[in-house]
Amino acid sequence: MSAFLVNPLLFVGGLIAVASPIIIHLLNRRRFKRIDWAAMDFLLEAQRLNRRRVKLEEFILLLLRCIAMVLIGLLLARPFLDVNPAGFFKAGQTERVIVLDDSLSMAATAGERSPMEEASSMLQSWIEALANDSGDDLITLVRTTDPERPAPNGLPLTEASMGDMLDEFKGLEVQDTGGDLGAALLQVERGFKDDTASLNRVVYVLTDLRRRDWEGSAEAGSDAGVVQTLKRISEMAAGCYVVDLGGDGEENLVVEEVRPLDKALIADVPAEFEVVVRNRGTRDARDVAVRFAAGETLPVTAVVPEVPAGGTAVAAFTYTFSSPAGAGDEMPEPVPVEVSLGDDVTDGGDLLEGDNVRYFPARIVRGIRVLVVDGDPSGVFGQSETFYLNNALAPDGPAQSGVDVTVVDDNEFDAVDLSGYEVVVVANLYRVTQARAEALEAWVREGGGLVFLLGDQTDEDVYNEVLYKEGNGLLPAKLAAIEGDEQEESWALIEPAIANHPLFRFFDGDNRQLLDGVKVFRWWRCEVGGAAGEPAPGGGTAEGGADGGAPRVLAALTDPGRSPAVVERGLGDGRVMVWSTPMDNDWNNFPENGAAFLITTHELIRYMARNRAGEGMIGVSQPIHQTVDLRKFRPEVEVLTPGVSGASGVEARPPEGDGGDTPVWSLDFEETAKKGIYQLMLTPTDGGAAEPVLFAANIDTGEGDLRRASEGAIRGDLGGAAVEFVPRGQPVIELGASVARSEIWKLILFLLAGILAVELLFGWWIGARR
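Computed from a predicted structure; not experimentally measured.

S.K.: What is the right way to read the confidence of the model for the chain from this model?
M.R.: Should the pLDDT be low somewhere, the predicted coordinates at that spot are not to be read in detail. Summarising the model, the chain shows a mean pLDDT of 84, and 83% of its residues fall at 70 or more. Low pLDDT (under 50) marks residues 217-223, which in the prediction has 10 contacts with non-local residues, meaning those over four places away or in another chain. This stretch, residues 737-741, has a pLDDT under 50; its non-local contacts, to residues over four places away or in other chains, come to 19 contacts.

Next up, the structure:
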């Protein structure tokens, strides 16, 4: 019965309900008591003469009512026919809806052809077969990588359109964009609900049946899962087929990440990279070659001895991005980097080549940009507050330190644009204005590193009121008083409070003697705690480390009160640090300990700097967002897209609701469906050469997961849904045409209405005659 009924149980209920009018008829016959009296003889004689006609009328009325009950049950059961009725209520036209998984995994080659090549060949054969059948079918193709835009969309298969369709299907390729099978099926379901033409729709899902696409199928009670949507489609479609084009292999190597180990890529300074290779297969991979190619230079190759099954391995590279000759103070141009696997992965150990490459936008800088605010400047050589710090960070000479230092005094500080710096060092500054404090806080929250070096010029009242704010401001500690020995006859040492912290890690072990040579004669006594959290033993806090927003003591002095020497706290994406003694030779002999001072200052800058080495990394189909400073560049920007000749024009816009008052605008470029390097060309307002900004769009490495979904589990989730699984290579389009079913509920509805009308009129006519 289920072979031609969608809901057979409801039809059984209709058959049972046929007994209702019969039972009512029998009960009505037993309702009256027989009483004989004289005049009844004449009535009985009249009844005898009309009995045959009355019984016939009652039988016809009973039959009409029984037929009505059967039709009601049949209507609820939704019967269908294997052949579309050449009737008058439904069109005979069929729409073939093809859901094509065109994600990257469809390019995995486990046999002679990949699933996408198989799909292309199959679709071409289907179109030719349908055209030879002289039908008037419609074709719709829904791609999982772009489900909102079916193409073709309900295109009639005619002689004129056949050539274009064949060309379309012949040129099918996998896309770099991740596929969404669930969204594609929902798009098909919406097409059924919006149907106004009463078409016969046959749905074909062409997939490699990877677990990643079907993983939501087992969510009990979910209406949004892939299998749940497919089940609903099968109840509306004239036929529903899942064509399995995938192979059984799942061996695959993936370049998962290109990870710079430095926070900035500095010209003429060696940069270290780690390339993470993941093995998604079930066998260990050995002697995997990884190539690192920067710009037009020859690639550097590293061999990974072993990548364990289901695990990762790392290939290490060191590369120096050289400044072009005669560059001077100009910003070095960015360099596109391409990392790929070698061509010698054999024995079926890498079925998918599309995830063997990863791109990286190396944005080269002259150095970590540091702003040093000198609170006690001097024209005498060696007497300014930042003399030693500046010379340690950026010494004169041909060697590059990797730090780009700009020194300003207290009068210039308020006018400086902080956005151009990674680290700001405030050295013995008398006070900070409220406006500058607010600007510093916003800058730190966006990732900046702020360092306060306290000294004899520091006004504790201003710092506590404007910067500390009872533990709710920038400063991680409250200033109490200056302590120590003005005669410099006694001193305290600096003792790290957190083991293996990046700032003092170099001084672990035998190198500790270098730090022990630093004598601190005077310092600010700082109180750590308040609203941010009380200090816990060992210099930490009950609330955690710097990223938690609570202050922590990184180093303490060896004075009797164990005064904090270095305190930090996290704020947004950045951090703030305070040193209770300056980095000059007024209160300590730190600069005189050359090795310790040089190492500490450089570790300080690298630790506090925001990580900009990985800027410009996006996923495929993620928009590119870039700010444009109209004081430097024009709002019109050209974008060079990988694989496309010529440039695309895009224009920066002011922030919404700004009205164009701010000089910093932003642009969004959304055409990033291809993996590779995208290059934005910013044109300076002074008419100089355009400055490039690189972005790298990479694929979702999850597409490299080639594990198969269980067909049996999917069938179990589908229950009794009319979905047929078709293995690779079996004809499908002919099968779909032969069993395409058409529901006939409209016809039954009209018949029911007619039967009820006849029953009503016939009953009225009988009653009027009697």
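Still more to cover.
S.K.: Is there a simple way to think about the nonpolar core in this case?
M.R.: Most often, soluble globular proteins keep nonpolar side chains buried together rather than apart. If you look at the biggest cluster of nonpolar residues, it comprises 42 residues, and the most contacted ones within it are Val425, Val566, Met577 and Trp579. Dropping the residues within four chain positions of it, Val566 is found in contact with Leu503, Phe504, Arg552, Val553, Leu554, Ala555, Met577, Val578 and Trp579. If you look at the next biggest cluster of nonpolar residues, it comprises 36 residues, including Leu467, Leu475, Ala477 and Val578.

S.K.: How should the packing of aromatic side chains be read in this particular structure?
M.R.: Aromatic ring pairs: the centre-centre distance and the angle between the two ring planes describe each pair. Scanning the model with the defined rule gives 15 aromatic pairs in all. When the ring of Phe273 is compared with that of Phe360, the centres are 5.6 Å apart and the planes differ by 80°; the resulting orientation is edge-to-face. Of this pair, Phe273 sits in strand S9 (residues 271-279) while Phe360 sits in strand S14 (residues 357-362), and the two are 87 residues apart along the sequence. Each of the two residues, Phe273 as well as Phe360, counts as buried. Measuring from centroid to centroid gives 5.8 Å for Phe292 and Tyr319, while their planes differ by 45°, and the two rings are tilted. Of the two residues, Phe292 is situated in strand S10 (residues 285-294) and Tyr319 in strand S12 (residues 312-319); the sequence distance between them amounts to 27 residues.

S.K.: Got a minute to help me understand the pairing of strand S11 (residues 300-307) in this structure?
M.R.: Along a regular strand, successive side chains alternate from one face of the sheet to the other. For S10 and S11, the ladder comprises seven bridges, and the chain directions are antiparallel. Bridge pairing in S11 places Val288 opposite Val304. The antiparallel pairing of S10 with S11 creates a hairpin that spans five residues between the two strands, and Gly295 there sits at a positive phi of about 60°.

S.K.: I tried to follow the sheet that holds strand S7 (residues 253-260) on my own but got confused; where do I start?
M.R.: Within a sheet, adjacent strands bond to each other through the backbone by hydrogen bonds, running parallel or antiparallel. What the three strands build is an open sheet, ordered S7-S9-S12; its pairing is antiparallel. In the strand order of this sheet, the two ends are held by S7 and S12, each with one partner. Pairs of neighbouring strands in the sheet enclose a mean axial angle of 25°, with direction left out of account. The pairing of S7 with S9 spans seven bridges and is antiparallel. Note that in S9 the partner of Pro260 across the bridge is Phe273.

S.K.: What is the right way to look at the environment of Ala119 in this model?
M.R.: Residue position: Ala119 is located in helix H4 (residues 115-132). Take Ala119: its relative accessible area is 0%, and that puts it in the buried class. Sequence separation between Ala119 and Gly729 is 610 residues; the distance between their C-alpha atoms is 10.0 Å. Not counting residues up to four positions away in its chain, the partners in contact with Ala119 are Leu100, Leu206 and Leu245.

S.K.: How should unusual backbone geometry be read in this particular structure?
M.R.: Trans is the prevailing form of peptide bonds, just as negative phi is the prevailing case for residues other than glycine. In this structure, the amide linkage connecting Ala151 to the following residue, Pro152, adopts the cis form with an omega of -5°. Within the element layout of this structure, Pro152 appears in the loop between strand S3 (138-143) and strand S4 (155-156). The backbone of Lys469 sits at a positive phi, close to 55°, despite the residue not being glycine. Within the secondary structure layout, Lys469 lies in the loop between helix H12 (460-468) and strand S20 (478-484).

S.K.: Before we go on, may I ask you to explain the packing of H4 against helix H5 (residues 159-170) in this structure?
M.R.: Each pair of packed helices can be described by the angle between their axes along with the distance between the axes. Interaxial distance between H4 and H5 falls to 8 Å at its minimum, and their mutual angle equals 165°. Considering the angle they form, H4 stands roughly antiparallel to H5. The hand of the H4/H5 crossing is right-handed. Packed against H4, whose contacting residues are Ser120, Leu123, Gln124, Ile127, Glu128 and Ala131, the element H5 presents Met162, Met165, Leu166, Phe169 and Lys170 at the interface. Residue composition of the contact of H4 with H5, by class: seven nonpolar, two polar and two charged.

How each quantity is defined
All chains use their own residue numbering, which begins from 1 and follows the written sequence. Totals for whole chains, interfaces and linings use every residue, but because this is a predicted model, local features are given only for residues with pLDDT of at least 70 and side-chain atom pairs only at 80 or more, for both listing and counting. For side-chain calculations, the full set of non-hydrogen atoms in the structure is used, while hydrogens and water are omitted. On a range of 0 to 100, pLDDT expresses the predictor's confidence in each residue. We call two residues in contact when some of their heavy atoms are within 4.5 Å. Think of a nonpolar core as a cluster: buried Ala, Val, Leu, Ile, Met, Phe, Trp, Tyr and Cys residues, connected wherever their side-chain atoms sit within 4.5 Å. Only protein chains enter the accessibility calculation, which uses a 1.4 Å probe; a residue is then buried when its area is under 20% of its type maximum, exposed when over 50%, and partly exposed in between. Each pair of aromatic rings taken from Phe, Tyr and Trp, with Trp reduced to its six-membered ring, is defined by centres within 6.5 Å and is described as stacked if the planes are under 30 degrees apart, edge-to-face if over 60, and tilted in the remaining cases. Each helix is a run of H or I in the DSSP string that is no shorter than four residues. Each strand is a run of E no shorter than two, and both are numbered from the N terminus. When DSSP finds two or more bridges between a pair of strands, those strands are recorded as paired. For every element, the axis is a line fit to its C-alpha atoms; helices are fit only across the contacting stretch, and the angle between N-to-C directions ranges from 0 to 180 degrees. Angle categories are assigned with fixed cut-offs, so that under 35 degrees is roughly parallel, over 145 is roughly antiparallel, 65 to 115 is roughly perpendicular, and the rest are oblique. Here a crossing is taken to be left-handed if its near helix is turned anticlockwise relative to the far helix by less than a right angle, and right-handed if that turn runs clockwise. Each residue gets one label: Ala, Val, Leu, Ile, Met, Phe, Trp, Tyr, Cys and Pro are nonpolar, Asp, Glu, Lys and Arg are charged, and the others, such as Gly, are polar.

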